[in-house]
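Summary of structural features
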Amino acid sequence: MNDHQRQFEALLQEHRGIVFKVASVYAHGREDRNDLAQEIAVQLWRSFPGFDAARAKFSTWMYRVALNVAISHVRRARREQRLEPLDAVHLELPGEADVSQPDERLVALYAFVGQLDPLNRALILLYLEDRSYGEIAQVLGISETNVATKIGRIKQKLRGQMTAAAITGA
């Protein structure tokens, strides 16, 4: 194993949670999530020679690659008509204990996130990961102002949906 490969494997191991989070938000069913995680890892390896630490943190670059692979995956899945709504089972990450009693608010949040288009889903995933607007903008290739505007709109829409659900008891 050469130094390049060792460096990649160490970075991938350190940030593997990113791969699993992206896969769990964009893929449905354990097998599909595992396939997407593997597809992301392969693309990360292929793209690694182009990674430039002077231009971005590894995690930022990794999110960009992972989200691009995931969005392509969603587009393929739509063509195949295999989409299903995001639910509590999608909160599971490979290798983690099963969620026995997920918080209802968290389930509702993930259901809302699952209804978003792929770009807004990526944006809110990064936001929920406490990424800065600058890092989100860099990952998604949009301006920080656009990030702030989109997050504001998503929050407003979410508040409306959560209020409506509370009123109707749904």
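Look a little higher up for the structure.
Residues numbered from 1 in each chain as written. Predicted model: local features only at pLDDT ≥ 70, side-chain atom pairs only at ≥ 80, totals over all residues. Heavy atoms only, no water.

**A few points about the environment of Pro49**
Which entries qualify depends on this criterion: Strands here are runs of E lasting at least two residues and helices are runs of H or I lasting at least four, both read from the DSSP assignment and numbered beginning at the N terminus. Summary of the burial criterion: residues with accessible area below 20% of their type's maximum are buried, those above 50% are exposed, and those between are partly exposed, where the area comes from a 1.4 Å probe applied to protein chains only.
Here Pro49 lies in the loop between helix H3 (30-47) and helix H4 (58-80). Given a relative accessible area of 61%, Pro49 falls into the exposed group.

**Some thoughts on unusual backbone geometry**
Backbone geometry places Asp130, a non-glycine residue, at a positive phi of 60°. Structurally, Asp130 is set in the loop between helix H6 (118-128) and helix H7 (133-140).

**Quick notes on the pattern of salt bridges**
Here is the rule: By convention in these notes, a salt bridge is any Lys or Arg side-chain nitrogen within 4 Å of a carboxyl oxygen on Asp or Glu.
As enumerated under the stated definition, the model contains four salt bridges in all. For Arg6, the salt bridge goes to Asp3, with nearest N and O atoms at 3.2 Å. Taken together, the positions of Arg6 and Asp3, both in helix H1 (residues 3-14) and three residues apart, correspond to about one turn of that helix. Take Arg6: its relative accessible area is 43%, and that puts it in the partly exposed class. You can call Asp3 exposed: its relative accessible area is 59%. Across the pair Glu135 and Lys57 runs a salt bridge whose closest N-O atoms are separated by 3.5 Å. On the criterion of sequence distance, the pair formed by Glu135 in helix H7 and Lys57 in the loop between H3 and H4 is long-range, its members being 78 residues apart. Linked by salt bridges that have partners in common, Lys57, Arg131 and Glu135 make up one network.

**Considering H7**
Buried within H7 are the following residues: Glu135, Ile136, Ala137, Val139 and Leu140. Two residues or fewer past H7, Gly141 is found with a positive phi of approximately 70°.

**Focus: H1**
Our working rule: Expected span of a helix, by definition, is 1.5 Å for each gap between consecutive residues, and there is one gap fewer than residues. Distance and chemistry together define a polar contact, namely a pair of N or O atoms within 3.5 Å, with one atom able to donate a hydrogen and the other to accept it when in protein, and with adjacent residues in sequence counting only for side-chain atoms on both sides.
Taking 1.5 Å as the rise per residue, H1 with 12 residues should run 16 Å; its terminal C-alpha atoms sit 16 Å apart, in good agreement. N-capping of H1 is provided by Asn2, with a side-chain oxygen placed 3.1 Å from the backbone N of His4.

**Focus: the nonpolar core**
To be explicit about the condition: To qualify as a nonpolar core, a set must consist of buried Ala, Val, Leu, Ile, Met, Phe, Trp, Tyr and Cys residues joined through side-chain atoms within 4.5 Å. Only heavy atoms enter the contact rule, under which two residues are in contact if any of them lie within 4.5 Å.
Ranked by size, the top nonpolar core spans 44 residues in total, and within it Val22, Tyr26, Leu44, Leu67 and Leu140 carry the most contacts. Secondary-structure elements contributing two or more residues to this core are H1, helix H2 (16-26), H3, H4, helix H5 (104-115), H6, H7 and helix H8 (144-168). Examining the composition of this core, we find that 11 residues originate from one element, H4, more than from any other. With sequence-adjacent residues up to four places away left out, Leu67 is seen in contact with Val22, Tyr26, Ala122, Leu125, Leu126, Val139 and Leu140.

**Observations regarding the packing of H1 against H3**
Rule in force here: An axis is simply a line fitted to the C-alpha atoms; with a helix, the fit covers only the stretch in contact. Between two such axes, the angle follows the N-to-C directions and lies from 0 to 180 degrees. Roughly parallel means an angle under 35 degrees; roughly antiparallel, over 145; roughly perpendicular, 65 to 115; everything else is oblique. Handedness of a crossing follows from how the near helix is turned relative to the far one, being left-handed for an anticlockwise turn of less than a right angle and right-handed for a clockwise one. Residue classes follow a fixed rule: Ala, Val, Leu, Ile, Met, Phe, Trp, Tyr, Cys and Pro count as nonpolar, while Asp, Glu, Lys and Arg count as charged, and any other residue, Gly among them, counts as polar.
Across the interface, H1 lies against H3 with an axial gap of 11 Å and an inter-helix angle of 140°. With respect to H3, the axis of H1 lies oblique. Handedness of the H1/H3 crossing: right-handed. Each of His4, Gln5, Phe8 and Leu12 in H1 lies in contact with H3, whose residues at this interface are Ala41, Leu44 and Trp45. Its residues placed into classes, the contact of H1 with H3 shows five nonpolar, two polar and no charged.

**Considerations on the packing of H5 against H8**
Helix packing for two helices is described by the angle between their axes and how far apart those axes are. Two numbers describe how H5 lies on H8: the axes approach to 11 Å, and their chain directions differ by 125°. Judged on the interaxial angle alone, H8 and H5 are oblique. The handedness of the crossing between H5 and H8 is right-handed. In this structure, H5 uses Arg105, Ala108, Leu109, Phe112 and Gln115 to contact H8, whose residues at the interface are Ile154, Lys157, Leu158, Gln161 and Met162.

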